[in-house]
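Read off the chains here:
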Amino acid sequence: MKKAIILAAGAGQRLGELTSDIPKCLLKADSKNCLIDFSLESLKEINIKEIIFVTGHKEERLKEHINKKWSDQFIFRFIFNEKFKEYNNIYSAYLARNIWDDETILLNSDIIFHQDILKNLALSSQLSALSSFLIIDNKKELISEDMKVKIDSSSKIIEINKNLDIATSYGEYIGITYLRGIERVKFLESVELNIKNNNFDLYYEDALAQVLNEVSISPCSTEGNIWTEVDTLEDFEMAKNISSQIKKLALL
């Protein structure tokens, strides 16, 4: 892995006034760090060199933050999604398709997670040099809103969807993907086909779901390490709690 694409276009409307003037990833998880700082610190720890942000809502605020705190740590590129108010994140993935290679990891920007999650992914990718992975929390108790995955008897992911039956689901996809080889190619072909067919209401996970029967993608477990996605005020409170736990471990 050498670079990361971070999807950061959405307006975070469910968080109300908290995100009226900033992208969601700039929510303060503690007195010093925004959500995105935890992701960038973790990416630095696994020697990622280049970061590509797909931006939208309040792009200028994110650029200001990056220039102030991170400009000397990575090579940064920004792709502006002018349709961020109208289309779902499949379009952000589409805009990044031409710079997405086998050394690229994809992250949603609205997550906070323990650094060991990415370290485990890096190790898994080294041990299985051609494999592709989704990071999955297979320890938590699932709820209906989770982006659930199902695996087969060989531990390959065969379905990804929020509507999967909780009882037969393996775990929750946390918003971090590493695709290589034919898996990457098939996924990006699916993304492009959906955009060509004007399926702008889909998410990139939907494009992935459409090709799972043609590819082989493995789950990489969070191993119980802490994380959360931030969509609601309740999620944000959990993110602040996770920030506190990470600081106690002297990781930031």
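Definitions and limits used
Residues numbered from 1 in each chain as written. Predicted model: local features only at pLDDT ≥ 70, side-chain atom pairs only at ≥ 80, totals over all residues. Heavy atoms only, no water. Salt bridge = Lys/Arg side-chain N within 4 Å of Asp/Glu carboxyl O. Helix = DSSP H or I, 4+ residues; strand = E, 2+ residues; numbered from the N terminus. Buried < 20%, exposed > 50% of the residue type's maximum accessible area, 1.4 Å probe, protein only. Arc of directions from axis to C-beta. Contact = heavy atoms within 4.5 Å. Phe/Tyr/Trp six-rings, centres within 6.5 Å; stacked < 30°, edge-to-face > 60°. Polar contact = N/O pair within 3.5 Å; in protein donor to acceptor, adjacent residues only side chain to side chain.

**Student:** Any chance you could break down the pattern of salt bridges for me, citing the residues and the numbers?
**Tutor:** Tallied over the full model, the rule gives 19 salt bridges. Glu59 is the partner of Lys63 in a salt bridge, and the nearest nitrogen-oxygen pair spans 3.6 Å. Residue Lys63 and its partner Glu59 are both found in helix 2 (residues 59-69); the two are separated by four residues, about one turn of the helix. Its relative accessible area of 30% is what places Lys63 among the partly exposed residues. With a shortest N-O distance of 3.8 Å, Arg61 and Glu64 are connected by a salt bridge.

**Student:** Summarise helix 2; cite the residues concerned and give the values.
**Tutor:** Three or more residues of helix 2 are buried, namely Glu59, Leu62, His65 and Ile66. The buried residues of helix 2 occupy an angular sector of 125 degrees when the element is viewed end-on, so they sit on one face. Pointing more than 90 degrees away from the buried face of helix 2 are the exposed residues Asn67 and Lys68. Where the residues of helix 2 are buried, they touch strand 1 (3-8), helix 1 (35-45), strand 2 (50-55) and strand 3 (75-80).

**Student:** Would you mind going over the packing of aromatic side chains in detail, with residue names and values included?
**Tutor:** Scanning the entire structure with this criterion turns up 13 aromatic pairs. Ring geometry for Trp70 versus Phe74: centroids 6.1 Å apart, planes at 40 degrees, classification tilted. Both residues of the pair, Trp70 and Phe74, count as buried. Judged by centre distance (6.1 Å) and plane angle (85 degrees), the ring pair of Tyr91 and Phe200 falls under edge-to-face. One end of the pair, Tyr91, is in helix 3 (residues 90-95); the other, Phe200, is in the loop between helix 5 (181-196) and helix 6 (204-209), and 109 residues separate them in sequence. Given the relative accessible area of 15%, Tyr91 is considered buried. Judged by relative accessible area, Phe200 falls into the buried class, the value being 17%. Ring pairs connect the aromatic residues Phe53, Trp70, Phe74, Phe76 and Phe78, which therefore count as one cluster.

**Student:** Break down the side chain of Lys24 for me, citing the residues and quoting the values.
**Tutor:** Looking at the secondary structure, you find Lys24 in the loop between strand 1 and helix 1. Of the polar contacts made by the side chain of Lys24, one reaches the side chain of Asp110; its length is 2.9 Å. Here the side chain of Lys24 touches Asp231 through a polar contact of 3.0 Å, side chain to side chain. When sequence neighbours within four positions are dropped, the list of residues in contact with Lys24 reads Gly12, Leu15, Thr19, Leu35, Asp110, Val230 and Asp231.

Functional significance is not addressed by these values, which are geometric in nature.
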